[in-house]
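Descriptive structure summary
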Amino acid sequence: MTEQHRSTTPEGTRAGEHAGKVAVVTGASTGIGEATVRELRRAGWTVYAVARRAERLEELARQTGAIAAPCDITSDADVDALRGQVLEEQGRVDALLNISGGARGTDWVADARTEDWEWMYQVNVIGTMRLTRAFLPALRENGEGTVLNLTSLAAHRTYEGGGGYNAAKFAERAMTEALRLEEAEHNVRVVEIAPGLVQTPEFSLNRLGGDEQAAEKVYAGVEKPLTSEDVARVCAFAVNLPHHVDLDTVTIKPVAQAAPHKLLRR
């Protein structure tokens, strides 16, 4: 995707209107997180690109002007250091976008692997909590802060072999809904974006233990699955809207995925 792709800003606004605004985006080394960094940079945001893989972040920073911020979101010390860096360098934060997440395994509950479930909870639930807890004081102080959590259609519908991922994403969704209730009085906007089938090969490879053939089958025959860029445009649109407008919960599916249980393959 080229940097000439149009900016995702609501009609009637200009990219320059977001200059000076500061966003923290996790999961920025690949997929939806990386694409969201690109979208927000096009809209004029100062963006801290957060992930563990420093070399990928440095390349993204070189291409977009984002600030590479290597961080393991499962580490309290790393998250505290990230918060200190952002607030020391910028003195504010306007939006936290918790894009980081993932799935491991497709085992049924009867065959569940404890280590897979623990990893999914750490990344999807506890990691999101750590980042949110760390930045909430600054988001409250801002007066118009936003938290956007990327969940999944798996946070709304269960399926065989998805028990661990379902459980983690349902928990992340529940946390998001509780947060919205708790932070309304602080004027912190809380958004949930829940995608369906997105063609993010690295996500599927991670889930399927690196099995490339199995990962390819996930998308086989689907004419137009969602792309990382599709979801990133919606994330950017949500935070670029006037602050009093909260998209609340948005589910996104390709047309071929009429429902979680109905996916057209040709």
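Placed above this text is the structure.
Being a predicted model, the structure only gives us computed values, none of them experimental. (Residues numbered from 1 in each chain as written. Predicted model: local features only at pLDDT ≥ 70, side-chain atom pairs only at ≥ 80, totals over all residues. Heavy atoms only, no water.)

**Digging into the sheet that holds strand S2 (residues 46–51)**
- Pairing in this open sheet of seven strands is parallel, and the strands run S3-S2-S1-S4-S5-S6-S7 from one edge to the other. Strand pairing shows two members of the sheet lacking a second neighbour, strand S3 (67–70) and strand S7 (249–252), which therefore form its edges. With direction set aside, neighbouring strand axes in the sheet form an average angle of 15 degrees.
- In this structure, strand S6 (residues 189–195) lies alongside S7, joined through four bridges in parallel fashion. Residue pairing across strands places isoleucine 193 opposite valine 250, the latter belonging to S7.
- On the sheet, helix H1 (residues 31–42) packs against strand S1 (22–26), S2, strand S4 (95–98) and strand S5 (146–150) and is oriented at approximately 165 degrees with respect to S1.
- In the packing of helix H5 (residues 163–183) onto the sheet, contacts are made with S5, S6 and S7, and the angle to S6 comes to roughly 155 degrees. (Pairing = 2+ DSSP bridges. Helix = DSSP H or I, 4+ residues; strand = E, 2+ residues; numbered from the N terminus. Axes fitted to C-alpha atoms, helices over the stretch in contact; angles between N-to-C directions. Contact = heavy atoms within 4.5 Å.)

**Let's talk about the packing of H1 against helix H2 (residues 54–64)**
- It is at 11 Å that the axes of H1 and H2 come closest, and there the two elements cross at 25 degrees. Between H1 and H2, the angle falls in the class roughly parallel. Relative to H2, H1 is oriented so that their crossing is right-handed. Between H1 and H2, the residues in contact are Glu34, Val37, Arg38 and Arg41 and Leu60, Gln63 and Thr64, respectively.
- Residues that form the contact of H1 with H2 fall into these classes: two nonpolar, two polar and three charged. (Parallel < 35°, antiparallel > 145°, perpendicular 65-115°, else oblique. Left-handed = near helix turned anticlockwise from the far one by under 90°. Nonpolar A, V, L, I, M, F, W, Y, C, P; charged D, E, K, R; others polar.)

**Examining the environment of leucine 226**
- Tracing the chain through its elements places leucine 226 in the loop between helix H7 (212–219) and helix H8 (228–240).
- What leucine 226 contacts, discounting residues up to four positions off in sequence, is Gly196, Leu197, Val198, Gln199, Val231, Ile252, Lys253 and Pro254.

**Let's talk about H8**
- Across its 13 residues, H8 extends 18 Å between first and last C-alpha, which sits within 8% of the 18 Å expected from 1.5 Å per residue.
- Residues of H8 that are buried in the fold lie against H1, S4, S5, S6 and S7. (Expected span 1.5 Å × (residues − 1).)

**Looking at the side chain of threonine 64**
- With respect to the helices and strands, threonine 64 occurs in helix H2.
- Note on threonine 64: relative accessible area 10%, which makes it buried.
- A distance of 3.1 Å separates a polar atom in the side chain of threonine 64 from the backbone nitrogen of alanine 66. (Buried < 20%, exposed > 50% of the residue type's maximum accessible area, 1.4 Å probe, protein only. Polar contact = N/O pair within 3.5 Å; in protein donor to acceptor, adjacent residues only side chain to side chain.)

**Digging into the packing of helix H3 (residues 76–90) against helix H4 (residues 114–142)**
- Interaxial distance between H3 and H4 falls to 10 Å at its minimum, and their mutual angle equals 30 degrees. Between H3 and H4, the crossing angle belongs to the class labelled roughly parallel. Note on packing geometry: the crossing formed by H3 with H4 is right-handed. Along the contact surface, H3 presents Asp76, Val79, Leu82, Arg83, Val86 and Leu87, while H4 presents Arg130, Leu131, Arg133, Ala134, Phe135 and Ala138.
- Looking at the contact of H3 with H4, its residues break down into eight nonpolar, no polar and four charged.

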